[in-house]
Amino acid sequence: MAEFSFELNEDQKAVREWIHGFAADVMRPAAAEWDEREETPWPIIQEAAKIGLYSLDFYAQQYFDSTGLGIPMTMEELFWGDAGIALSIVGTGLAAVGVLANGTEEQIGTWIPQMYGDANDVKVAAFCSSEPDAGSDVSAMRTRAVYDEAKDEWVINGTKTWATNGGIAGVHVVVAAVDLDLGSKGHASFIIPPDTPGLSQGQKFKKHGIRASHTAEVVLDDVRVPGSCLLGGKEKLDERLARAREKAAGGERLKNAAMATFEASRPAVGAMAVGTARAAYEVALDYAKTRQQFGRPVIDNQGVAFQLADMRTRIDASRLLVWRASWMAVNGRPFDAAEGSMSKLFASETAKTVTAQAVQILGGNGFTREYPVERMHRDAAIYTIFEGTSEIQRLVIARTLSGVPIR
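Residues numbered from 1 in each chain as written. Predicted model: local features only at pLDDT ≥ 70, side-chain atom pairs only at ≥ 80, totals over all residues. Heavy atoms only, no water.

Student: So what's going on with the nonpolar core? Residues and values would help.
Tutor: Of all hydrophobic cores here, the largest spans 100 residues; its most connected members are Leu 78, Phe 79, Ile 89 and Met 115. For this core, the leading source of residues is helix α9 (residues 257-290), giving 14 residues. Once you skip the residues sitting within four places of it in the chain, Phe 79 turns out to touch Ala 86, Leu 87, Val 90, Met 272, Gly 275, Thr 276 and Tyr 383. (Core = buried A, V, L, I, M, F, W, Y, C linked by side-chain atoms within 4.5 Å. Buried < 20%, exposed > 50% of the residue type's maximum accessible area, 1.4 Å probe, protein only. Helix = DSSP H or I, 4+ residues; strand = E, 2+ residues; numbered from the N terminus. Contact = heavy atoms within 4.5 Å.)

Structure (C-alpha coordinates):
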(Lines give C-alpha, C1' and ligand atoms only; values in the text may rest on other atoms or scores of the structure.)
Protein backbone atom coordinates (compact mmCIF):
# COMPACT_ATOMS: atom_id res chain seq x y z
CA MET A 1 0.00 0.00 0.00
CA ALA A 2 1.40 3.38 -1.04
CA GLU A 3 2.09 5.81 1.76
CA PHE A 4 0.12 9.04 1.61
CA SER A 5 2.25 12.06 0.71
CA PHE A 6 1.61 15.72 -0.07
CA GLU A 7 4.53 15.68 -2.51
CA LEU A 8 4.33 14.39 -6.07
CA ASN A 9 7.19 12.13 -7.10
CA GLU A 10 9.55 13.10 -9.92
CA ASP A 11 7.67 11.10 -12.57
CA GLN A 12 4.37 12.68 -11.54
CA LYS A 13 5.90 16.15 -11.65
CA ALA A 14 7.18 15.51 -15.17
CA VAL A 15 3.74 14.32 -16.32
CA ARG A 16 2.09 17.33 -14.67
CA GLU A 17 4.40 19.74 -16.47
CA TRP A 18 3.78 17.94 -19.76
CA ILE A 19 0.00 18.20 -19.36
CA HIS A 20 0.28 21.81 -18.19
CA GLY A 21 2.25 22.68 -21.31
CA PHE A 22 -0.46 21.20 -23.54
CA ALA A 23 -3.17 23.03 -21.56
CA ALA A 24 -1.32 26.36 -21.79
CA ASP A 25 -0.10 26.13 -25.39
CA VAL A 26 -2.92 24.25 -27.16
CA MET A 27 -6.10 24.41 -25.10
CA ARG A 28 -6.12 27.96 -23.72
CA PRO A 29 -5.54 29.77 -27.04
CA ALA A 30 -8.48 27.85 -28.55
CA ALA A 31 -10.84 27.99 -25.56
CA ALA A 32 -12.85 31.09 -26.43
CA GLU A 33 -13.33 29.98 -30.05
CA TRP A 34 -14.72 26.54 -29.21
CA ASP A 35 -16.89 27.98 -26.43
CA GLU A 36 -18.51 30.28 -29.01
CA ARG A 37 -18.83 27.53 -31.61
CA GLU A 38 -20.41 25.09 -29.13
CA GLU A 39 -18.92 22.18 -31.05
CA THR A 40 -16.69 19.24 -30.19
CA PRO A 41 -13.07 20.43 -30.66
CA TRP A 42 -11.96 17.51 -32.80
CA PRO A 43 -8.67 19.18 -33.84
CA ILE A 44 -7.68 19.61 -30.18
CA ILE A 45 -8.58 15.99 -29.36
CA GLN A 46 -6.51 14.98 -32.40
CA GLU A 47 -3.52 16.94 -31.09
CA ALA A 48 -3.93 15.29 -27.69
CA ALA A 49 -4.01 11.88 -29.40
CA LYS A 50 -0.85 12.62 -31.39
CA ILE A 51 1.20 13.24 -28.25
CA GLY A 52 -0.39 10.34 -26.34
CA LEU A 53 -2.46 12.45 -23.98
CA TYR A 54 -5.73 11.14 -25.44
CA SER A 55 -5.03 7.42 -25.31
CA LEU A 56 -5.97 4.30 -23.41
CA ASP A 57 -2.36 3.75 -22.35
CA PHE A 58 -2.01 7.17 -20.72
CA TYR A 59 -5.25 6.99 -18.75
CA ALA A 60 -4.56 3.41 -17.70
CA GLN A 61 -1.20 4.51 -16.28
CA GLN A 62 -2.84 7.31 -14.32
CA TYR A 63 -5.79 5.16 -13.21
CA PHE A 64 -3.50 2.49 -11.78
CA ASP A 65 -1.09 4.93 -10.12
CA SER A 66 -0.65 3.39 -6.66
CA THR A 67 -0.65 6.82 -4.98
CA GLY A 68 -4.10 7.61 -6.38
CA LEU A 69 -2.90 11.03 -7.54
CA GLY A 70 -2.46 10.35 -11.25
CA ILE A 71 -6.07 11.01 -12.24
CA PRO A 72 -6.71 14.07 -10.00
CA MET A 73 -3.42 15.61 -11.12
CA THR A 74 -4.36 15.07 -14.78
CA MET A 75 -7.87 16.44 -14.31
CA GLU A 76 -6.70 19.56 -12.49
CA GLU A 77 -4.20 20.52 -15.19
CA LEU A 78 -6.55 19.86 -18.11
CA PHE A 79 -9.43 21.76 -16.53
CA TRP A 80 -7.04 24.57 -15.64
CA GLY A 81 -6.60 24.85 -19.42
CA ASP A 82 -10.33 24.94 -20.25
CA ALA A 83 -13.26 23.02 -18.83
CA GLY A 84 -15.20 22.55 -22.07
CA ILE A 85 -12.28 21.29 -24.11
CA ALA A 86 -11.04 19.21 -21.20
CA LEU A 87 -14.39 17.46 -20.85
CA SER A 88 -14.27 16.62 -24.56
CA ILE A 89 -10.87 15.04 -23.96
CA VAL A 90 -11.73 13.10 -20.78
CA GLY A 91 -15.43 12.38 -21.43
CA THR A 92 -14.63 9.03 -23.03
CA GLY A 93 -13.18 7.98 -19.69
CA LEU A 94 -16.68 7.88 -18.18
CA ALA A 95 -17.63 5.07 -20.53
CA ALA A 96 -14.26 3.35 -20.15
CA VAL A 97 -14.59 3.30 -16.36
CA GLY A 98 -18.09 1.86 -16.74
CA VAL A 99 -16.67 -1.07 -18.70
CA LEU A 100 -13.65 -1.41 -16.41
CA ALA A 101 -15.87 -1.54 -13.32
CA ASN A 102 -18.44 -4.02 -14.63
CA GLY A 103 -17.02 -5.85 -17.64
CA THR A 104 -15.18 -9.13 -18.09
CA GLU A 105 -11.52 -9.17 -19.12
CA GLU A 106 -12.58 -10.02 -22.67
CA GLN A 107 -15.05 -7.10 -22.78
CA ILE A 108 -12.45 -4.71 -21.37
CA GLY A 109 -9.90 -5.80 -23.97
CA THR A 110 -12.41 -5.65 -26.81
CA TRP A 111 -14.28 -2.40 -26.20
CA ILE A 112 -12.10 0.09 -24.35
CA PRO A 113 -9.50 0.35 -27.16
CA GLN A 114 -12.32 1.01 -29.63
CA MET A 115 -13.52 3.93 -27.49
CA TYR A 116 -10.33 5.91 -28.16
CA GLY A 117 -9.34 4.85 -31.64
CA ASP A 118 -5.84 6.07 -32.51
CA ALA A 119 -4.04 9.26 -33.52
CA ASN A 120 -5.05 8.78 -37.16
CA ASP A 121 -8.68 7.92 -36.45
CA VAL A 122 -9.80 9.47 -33.16
CA LYS A 123 -12.99 8.11 -31.55
CA VAL A 124 -15.02 9.11 -28.49
CA ALA A 125 -17.37 7.10 -26.28
CA ALA A 126 -20.46 7.95 -24.22
CA PHE A 127 -21.81 6.79 -20.88
CA CYS A 128 -25.61 7.00 -20.80
CA SER A 129 -27.32 6.81 -17.42
CA SER A 130 -29.55 9.86 -16.74
CA GLU A 131 -33.06 10.05 -18.17
CA PRO A 132 -35.61 12.86 -18.48
CA ASP A 133 -37.34 11.61 -15.31
CA ALA A 134 -34.40 9.87 -13.66
CA GLY A 135 -31.43 12.03 -12.72
CA SER A 136 -30.62 12.04 -9.02
CA ASP A 137 -33.40 9.46 -8.54
CA VAL A 138 -31.77 6.53 -10.35
CA SER A 139 -34.53 4.20 -9.16
CA ALA A 140 -36.91 6.02 -11.53
CA MET A 141 -35.00 4.78 -14.60
CA ARG A 142 -37.34 3.44 -17.27
CA THR A 143 -35.03 2.47 -20.13
CA ARG A 144 -35.74 -1.24 -20.41
CA ALA A 145 -33.61 -4.16 -21.58
CA VAL A 146 -35.44 -7.41 -22.34
CA TYR A 147 -33.63 -10.66 -23.07
CA ASP A 148 -34.54 -12.55 -26.26
CA GLU A 149 -33.39 -16.03 -25.28
CA ALA A 150 -34.05 -17.56 -28.71
CA LYS A 151 -31.55 -15.18 -30.36
CA ASP A 152 -29.33 -14.53 -27.32
CA GLU A 153 -29.94 -10.82 -27.78
CA TRP A 154 -30.99 -7.93 -25.55
CA VAL A 155 -33.65 -5.54 -26.85
CA ILE A 156 -33.30 -2.05 -25.38
CA ASN A 157 -35.84 0.78 -25.51
CA GLY A 158 -35.78 4.19 -23.85
CA THR A 159 -34.33 7.69 -23.89
CA LYS A 160 -31.17 8.86 -22.16
CA THR A 161 -30.32 12.48 -21.54
CA TRP A 162 -27.35 14.66 -20.53
CA ALA A 163 -25.02 12.18 -22.23
CA THR A 164 -21.52 13.53 -22.86
CA ASN A 165 -20.64 12.58 -26.45
CA GLY A 166 -24.14 11.10 -26.82
CA GLY A 167 -24.94 10.31 -30.44
CA ILE A 168 -21.49 11.26 -31.79
CA ALA A 169 -19.74 8.42 -29.96
CA GLY A 170 -18.69 5.20 -31.59
CA VAL A 171 -19.31 3.06 -28.49
CA HIS A 172 -22.14 3.87 -26.08
CA VAL A 173 -22.40 2.32 -22.61
CA VAL A 174 -26.08 2.30 -21.59
CA VAL A 175 -27.55 1.57 -18.17
CA ALA A 176 -30.99 -0.05 -18.39
CA ALA A 177 -33.51 -1.75 -16.11
CA VAL A 178 -33.78 -5.51 -16.46
CA ASP A 179 -36.09 -5.89 -13.44
CA LEU A 180 -38.25 -2.84 -12.68
CA ASP A 181 -39.46 -4.31 -9.38
CA LEU A 182 -35.95 -4.11 -7.92
CA GLY A 183 -35.51 -0.41 -8.65
CA SER A 184 -31.85 0.58 -8.96
CA LYS A 185 -30.78 -2.96 -7.95
CA GLY A 186 -32.39 -4.27 -11.13
CA HIS A 187 -30.14 -2.28 -13.47
CA ALA A 188 -27.46 -3.58 -15.83
CA SER A 189 -24.99 -1.97 -18.23
CA PHE A 190 -24.75 -2.74 -21.94
CA ILE A 191 -22.30 -2.00 -24.73
CA ILE A 192 -23.95 -0.55 -27.83
CA PRO A 193 -21.42 -1.11 -30.64
CA PRO A 194 -20.82 1.47 -33.39
CA ASP A 195 -23.54 1.82 -36.04
CA THR A 196 -26.05 -0.32 -34.16
CA PRO A 197 -29.54 0.15 -35.74
CA GLY A 198 -32.07 1.87 -33.51
CA LEU A 199 -29.69 4.18 -31.64
CA SER A 200 -29.90 7.83 -32.59
CA GLN A 201 -29.08 11.24 -31.23
CA GLY A 202 -31.99 13.23 -29.88
CA GLN A 203 -31.82 16.85 -28.79
CA LYS A 204 -28.38 18.43 -28.56
CA PHE A 205 -28.34 20.80 -25.59
CA LYS A 206 -27.21 24.40 -25.84
CA LYS A 207 -25.59 24.93 -22.48
CA HIS A 208 -24.70 27.73 -20.07
CA GLY A 209 -21.12 26.46 -19.73
CA ILE A 210 -18.70 23.69 -20.86
CA ARG A 211 -20.00 24.51 -24.33
CA ALA A 212 -17.11 22.86 -26.19
CA SER A 213 -18.33 19.52 -24.82
CA HIS A 214 -21.13 17.79 -26.72
CA THR A 215 -24.15 16.93 -24.54
CA ALA A 216 -27.25 15.32 -26.02
CA GLU A 217 -30.12 12.88 -25.67
CA VAL A 218 -29.67 9.32 -26.88
CA VAL A 219 -32.77 7.53 -28.19
CA LEU A 220 -32.90 3.72 -28.17
CA ASP A 221 -35.67 2.27 -30.34
CA ASP A 222 -35.69 -1.55 -30.38
CA VAL A 223 -31.90 -1.59 -30.20
CA ARG A 224 -30.69 -5.18 -30.39
CA VAL A 225 -27.27 -6.18 -29.08
CA PRO A 226 -25.70 -9.64 -28.69
CA GLY A 227 -25.74 -11.29 -25.28
CA SER A 228 -21.98 -10.70 -25.14
CA CYS A 229 -22.66 -6.96 -24.86
CA LEU A 230 -24.13 -7.31 -21.35
CA LEU A 231 -21.29 -6.13 -19.13
CA GLY A 232 -20.23 -8.90 -16.78
CA GLY A 233 -22.26 -11.55 -18.61
CA LYS A 234 -25.70 -13.05 -18.00
CA GLU A 235 -24.64 -15.63 -15.44
CA LYS A 236 -23.25 -12.93 -13.18
CA LEU A 237 -26.36 -10.79 -13.73
CA ASP A 238 -28.72 -13.65 -12.86
CA GLU A 239 -26.81 -14.36 -9.64
CA ARG A 240 -26.88 -10.68 -8.66
CA LEU A 241 -30.61 -10.35 -9.36
CA ALA A 242 -31.37 -13.52 -7.37
CA ARG A 243 -29.49 -12.16 -4.36
CA ALA A 244 -31.24 -8.80 -4.69
CA ARG A 245 -34.69 -10.45 -4.79
CA GLU A 246 -33.86 -12.57 -1.76
CA LYS A 247 -32.68 -9.57 0.25
CA ALA A 248 -35.64 -7.47 -0.85
CA ALA A 249 -38.03 -10.22 0.26
CA GLY A 250 -36.36 -10.23 3.66
CA GLY A 251 -36.68 -6.48 4.00
CA GLU A 252 -32.91 -6.03 4.00
CA ARG A 253 -31.59 -2.67 2.84
CA LEU A 254 -29.55 -3.27 -0.31
CA LYS A 255 -26.29 -1.64 -1.18
CA ASN A 256 -26.37 0.12 -4.54
CA ALA A 257 -23.28 -0.90 -6.49
CA ALA A 258 -23.68 1.99 -8.94
CA MET A 259 -23.70 4.51 -6.09
CA ALA A 260 -20.56 2.91 -4.65
CA THR A 261 -18.88 3.36 -8.05
CA PHE A 262 -19.94 7.01 -8.20
CA GLU A 263 -18.60 7.56 -4.67
CA ALA A 264 -15.19 6.31 -5.76
CA SER A 265 -15.16 8.42 -8.96
CA ARG A 266 -16.35 11.69 -7.45
CA PRO A 267 -12.85 12.88 -6.44
CA ALA A 268 -12.02 13.14 -10.15
CA VAL A 269 -14.88 15.62 -10.57
CA GLY A 270 -13.57 17.47 -7.53
CA ALA A 271 -10.18 17.70 -9.26
CA MET A 272 -11.84 19.20 -12.34
CA ALA A 273 -13.40 21.86 -10.13
CA VAL A 274 -10.04 22.58 -8.49
CA GLY A 275 -8.49 23.18 -11.92
CA THR A 276 -11.16 25.69 -12.94
CA ALA A 277 -11.03 27.45 -9.57
CA ARG A 278 -7.24 27.68 -9.70
CA ALA A 279 -7.34 29.13 -13.21
CA ALA A 280 -9.79 31.86 -12.16
CA TYR A 281 -7.81 32.64 -9.02
CA GLU A 282 -4.59 33.07 -11.00
CA VAL A 283 -6.25 35.51 -13.42
CA ALA A 284 -7.73 37.48 -10.54
CA LEU A 285 -4.41 37.59 -8.64
CA ASP A 286 -2.51 38.82 -11.68
CA TYR A 287 -5.18 41.43 -12.42
CA ALA A 288 -5.26 42.68 -8.82
CA LYS A 289 -1.48 43.13 -8.82
CA THR A 290 -1.42 45.13 -12.06
CA ARG A 291 -4.75 47.02 -12.10
CA GLN A 292 -4.30 50.55 -10.73
CA GLN A 293 -7.08 52.40 -8.95
CA PHE A 294 -6.66 55.53 -6.82
CA GLY A 295 -2.94 55.49 -7.61
CA ARG A 296 -2.16 51.98 -6.37
CA PRO A 297 -2.74 48.31 -7.31
CA VAL A 298 -6.16 47.09 -6.22
CA ILE A 299 -4.53 44.25 -4.27
CA ASP A 300 -3.35 46.91 -1.80
CA ASN A 301 -6.97 47.16 -0.67
CA GLN A 302 -7.81 44.81 2.16
CA GLY A 303 -11.20 44.00 0.66
CA VAL A 304 -9.53 42.55 -2.45
CA ALA A 305 -6.52 40.99 -0.70
CA PHE A 306 -8.72 39.14 1.79
CA GLN A 307 -10.87 37.74 -1.03
CA LEU A 308 -7.76 36.37 -2.72
CA ALA A 309 -6.59 34.86 0.56
CA ASP A 310 -9.92 33.09 0.99
CA MET A 311 -9.89 31.92 -2.63
CA ARG A 312 -6.45 30.34 -2.34
CA THR A 313 -7.29 28.74 1.01
CA ARG A 314 -10.44 27.12 -0.35
CA ILE A 315 -8.60 25.85 -3.45
CA ASP A 316 -5.83 24.25 -1.40
CA ALA A 317 -8.34 22.72 1.03
CA SER A 318 -10.32 21.32 -1.91
CA ARG A 319 -7.22 19.75 -3.42
CA LEU A 320 -6.32 18.10 -0.12
CA LEU A 321 -9.81 16.60 0.19
CA VAL A 322 -9.58 15.32 -3.39
CA TRP A 323 -6.13 13.82 -2.87
CA ARG A 324 -7.19 12.13 0.37
CA ALA A 325 -10.26 10.54 -1.23
CA SER A 326 -8.28 9.52 -4.33
CA TRP A 327 -5.62 7.82 -2.21
CA MET A 328 -8.31 6.07 -0.16
CA ALA A 329 -10.09 4.83 -3.30
CA VAL A 330 -7.02 3.35 -4.98
CA ASN A 331 -5.90 1.70 -1.74
CA GLY A 332 -9.30 0.19 -0.98
CA ARG A 333 -9.92 2.23 2.14
CA PRO A 334 -13.65 2.42 2.96
CA PHE A 335 -15.32 5.81 2.71
CA ASP A 336 -16.74 5.59 6.22
CA ALA A 337 -17.57 9.31 6.21
CA ALA A 338 -18.39 9.56 2.47
CA GLU A 339 -14.99 11.15 1.81
CA GLY A 340 -15.53 10.88 -1.95
CA SER A 341 -18.69 12.95 -1.74
CA MET A 342 -17.01 15.36 0.68
CA SER A 343 -14.26 16.10 -1.85
CA LYS A 344 -16.67 16.61 -4.72
CA LEU A 345 -19.04 18.76 -2.65
CA PHE A 346 -16.41 21.11 -1.26
CA ALA A 347 -14.41 21.43 -4.49
CA SER A 348 -17.47 22.07 -6.66
CA GLU A 349 -18.85 24.70 -4.31
CA THR A 350 -15.36 26.24 -4.17
CA ALA A 351 -15.23 26.50 -7.96
CA LYS A 352 -18.52 28.41 -8.04
CA THR A 353 -17.45 30.73 -5.22
CA VAL A 354 -13.92 31.40 -6.50
CA THR A 355 -14.95 32.07 -10.10
CA ALA A 356 -17.65 34.48 -8.89
CA GLN A 357 -15.09 36.27 -6.74
CA ALA A 358 -12.74 36.46 -9.73
CA VAL A 359 -15.43 38.16 -11.80
CA GLN A 360 -16.00 40.61 -8.94
CA ILE A 361 -12.30 41.44 -8.61
CA LEU A 362 -12.06 42.17 -12.33
CA GLY A 363 -15.16 44.36 -12.09
CA GLY A 364 -16.67 45.32 -15.44
CA ASN A 365 -13.86 43.54 -17.28
CA GLY A 366 -14.77 40.32 -15.53
CA PHE A 367 -18.27 40.54 -16.95
CA THR A 368 -17.02 40.62 -20.55
CA ARG A 369 -15.82 37.81 -22.79
CA GLU A 370 -12.56 39.66 -23.30
CA TYR A 371 -11.39 38.07 -20.06
CA PRO A 372 -11.58 34.30 -19.40
CA VAL A 373 -13.10 34.50 -15.90
CA GLU A 374 -16.54 35.07 -17.43
CA ARG A 375 -16.30 31.70 -19.20
CA MET A 376 -14.78 30.03 -16.14
CA HIS A 377 -17.68 31.27 -14.02
CA ARG A 378 -20.17 29.74 -16.46
CA ASP A 379 -18.21 26.49 -16.64
CA ALA A 380 -18.00 26.17 -12.85
CA ALA A 381 -21.78 25.93 -12.51
CA ILE A 382 -21.76 22.35 -13.78
CA TYR A 383 -19.67 20.93 -10.96
CA THR A 384 -22.45 21.29 -8.38
CA ILE A 385 -24.85 19.53 -10.77
CA PHE A 386 -23.33 16.58 -12.64
CA GLU A 387 -22.28 13.28 -11.06
CA GLY A 388 -24.60 14.05 -8.16
CA THR A 389 -25.79 17.53 -7.22
CA SER A 390 -24.47 19.25 -4.11
CA GLU A 391 -27.76 18.38 -2.41
CA ILE A 392 -27.25 14.69 -3.22
CA GLN A 393 -23.66 14.85 -1.92
CA ARG A 394 -24.91 16.27 1.38
CA LEU A 395 -27.55 13.54 1.52
CA VAL A 396 -24.93 10.84 0.93
CA ILE A 397 -22.66 12.30 3.61
CA ALA A 398 -25.49 12.67 6.12
CA ARG A 399 -26.75 9.12 5.54
CA THR A 400 -23.22 7.73 5.87
CA LEU A 401 -22.55 9.56 9.11
CA SER A 402 -25.93 8.85 10.71
CA GLY A 403 -26.83 5.46 9.31
CA VAL A 404 -30.33 6.86 8.92
CA PRO A 405 -32.17 6.92 5.53
CA ILE A 406 -32.50 10.74 5.55
CA ARG A 407 -34.72 12.13 2.79
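Still more to cover.
Student: Kindly report on the packing of aromatic side chains, identifying the contributing residues and their values.
Tutor: A complete count under the given rule lists ten aromatic pairs for this structure. Centre to centre, the rings of Tyr 147 and Trp 154 are 5.0 Å apart; their planes meet at 45°, and the pair counts as tilted. For Tyr 147, a relative accessible area of 27% corresponds to the partly exposed category. Look at Trp 154 and you get buried, because its relative accessible area is 4%. Ring geometry for Tyr 287 against Tyr 371: centres 6.0 Å apart, planes inclined by 90°, an arrangement best described as edge-to-face. (Phe/Tyr/Trp six-rings, centres within 6.5 Å; stacked < 30°, edge-to-face > 60°.)

Student: Lay out a positive patch on the surface in plain terms, naming residues and giving numbers.
Tutor: Judged by side-chain charge, Lys 236, Arg 240, Arg 243 and Lys 247 come together as a positively charged surface patch. Take Lys 247: it is sitting in helix α8 (residues 234-249). For Lys 247, a relative accessible area of 36% translates into the label partly exposed. (Patch = residues over 30% accessible without salt bridge, like charges linked within 9 Å, V, L, I, M, F, W, Y side chains within 5 Å. Areas by Shrake-Rupley, 256 points an atom, 1.4 Å probe, with all protein chains shown as cover. Salt bridge = Lys/Arg side-chain N within 4 Å of Asp/Glu carboxyl O. Lys, Arg positive; Asp, Glu negative; His and termini not counted. Charge placed at Lys NZ, Arg CZ, Asp CG, Glu CD.)

Student: An account of the packing of helix α11 (residues 339-362) against helix α13 (residues 390-402) is requested, with residue identities and associated values reported.
Tutor: Interhelical geometry of α11 versus α13 gives an angle of 145° and a closest axis separation of 9 Å. Like other packed secondary-structure pairs, α11 and α13 cross with a definite hand, here left-handed. When α11 is examined against α13, the residues Ser 341, Met 342, Lys 344, Leu 345, Ser 348 and Glu 349 are found in contact with a partner set consisting of Ser 390, Gln 393, Arg 394, Val 396 and Ile 397. Across the contact of α11 with α13, the residue classes tally to four nonpolar, four polar and three charged. (Axes fitted to C-alpha atoms, helices over the stretch in contact; angles between N-to-C directions. Left-handed = near helix turned anticlockwise from the far one by under 90°. Nonpolar A, V, L, I, M, F, W, Y, C, P; charged D, E, K, R; others polar.)

Student: Lay out α13 with the relevant residues and their values.
Tutor: The terminal C-alpha atoms of α13 lie 18 Å apart, and with 13 residues this matches the ideal 18 Å at 1.5 Å per residue to within 8%. Turning to α13, its buried residues number three or more, namely Ser 390, Gln 393 and Ile 397. Projected onto a plane normal to the axis of α13, the buried residues spread over an arc of 60° and lie on a single side. Gly 403 lies just past α13 and shows a positive phi near 75°. (Expected span 1.5 Å × (residues − 1). Arc of directions from axis to C-beta.)

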